[in-house]
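# Fold and contact review
For reference, the chains in residue letters:
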Amino acid sequence: MQKLLNGEVRFGGFSGKWEEVRLGEVCEIKKGEQLNKNTLDSDGDFPVINGGIEPSGYTEEWNTEANTITISEGGNSCGYVNFLQQRFWSGGHCYALLNLKINKIYLYQFLKYNQHNIMKLRVGSGLPNIQKSAIERFLISKPIMQEQQKIAEVLSLADNEIELLKKELAELKQQKKGLMQKLLTGETRVKV
């Protein structure tokens, strides 16, 4: 991932120097609208995305389309990069990246890889936040569109494989738990 996203490793057929552009040059960065916390539910059709890693709650309305990259604007998790695959409510502590002029998955992978650098843009101590102007100036390495697509494909395949392995691990842990329960209660005995 590191070598692909900094251009150290290139796919055959691609050459030339990558452009370095500001994030604000390749997308519109829109801050969401705050909902009153009392109006949020513990379940609903659309998650409310604010400054945290998990949704703040759920609502029956949405203000942002599916397949959108977000960056948390405020709170302890400000700078957290996410990719929402469903429609959602972009809250007052959420930046949504819209009208992209760059491959969406490439941009998400690049920002997620550089999330630690985005988090360094925080200001304030009580309730830290990241100013929109700082996000707009964040530098992006931008190869040509075909190379962006190729990088996005490879990294998406790796993500899919990781998800499958995580599911397999969860199933094996569940099997182990069941086996331990049977062994430790004496329901199943080990032959010597």
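Because the structure is predicted, anything quoted here is derived from the model rather than measured.

Quick notes on the rules
Residues numbered from 1 in each chain as written. Predicted model: local features only at pLDDT ≥ 70, side-chain atom pairs only at ≥ 80, totals over all residues. Heavy atoms only, no water. pLDDT = per-residue confidence, 0-100. Helix = DSSP H or I, 4+ residues; strand = E, 2+ residues; numbered from the N terminus. Patch = residues over 30% accessible without salt bridge, like charges linked within 9 Å, V, L, I, M, F, W, Y side chains within 5 Å. Areas by Shrake-Rupley, 256 points an atom, 1.4 Å probe, with all protein chains shown as cover. Salt bridge = Lys/Arg side-chain N within 4 Å of Asp/Glu carboxyl O. Lys, Arg positive; Asp, Glu negative; His and termini not counted. Charge placed at Lys NZ, Arg CZ, Asp CG, Glu CD. Expected span 1.5 Å × (residues − 1). Contact = heavy atoms within 4.5 Å.

Across the protein, the average pLDDT comes to 90, with 100% of residues at 70 or higher. Taken element by element, the protein is modelled with least confidence in helix α1 (residues 2-5), mean pLDDT 77, and with most confidence in helix α2 (residues 23-26), mean pLDDT 97.

The next thing to look at is a negative patch on the surface. Taken together, Asp41, Asp43, Asp45, Glu60 and Glu61 make up a surface patch of like negative charges. Examined against the element boundaries, Asp45 turns out to sit in the loop between β2 (28-31) and β3 (46-49).

Another point: helix α6 (residues 145-185). An α-helical turn contains 3.6 residues, so any two residues separated by three or four positions project in the same direction. Across its 41 residues, α6 extends 60 Å between first and last C-alpha, which sits within 8% of the 60 Å expected from 1.5 Å per residue. On the buried face of α6, the contacting elements are α1, α3 (104-113) and β9 (139-142). Two residues or fewer past α6, Gly186 is found with a positive phi of approximately 85 degrees.

Another aspect to go through is unusual backbone geometry. For Asn67, which is not glycine, the phi torsion reads 60 degrees and is therefore positive. Here Asn67 lies in the loop between β4 (57-59) and β5 (68-72). A positive phi angle, close to 50 degrees, is found at Asn99, a residue other than glycine. By the element assignment, Asn99 lies in the loop between β8 (94-98) and α3.

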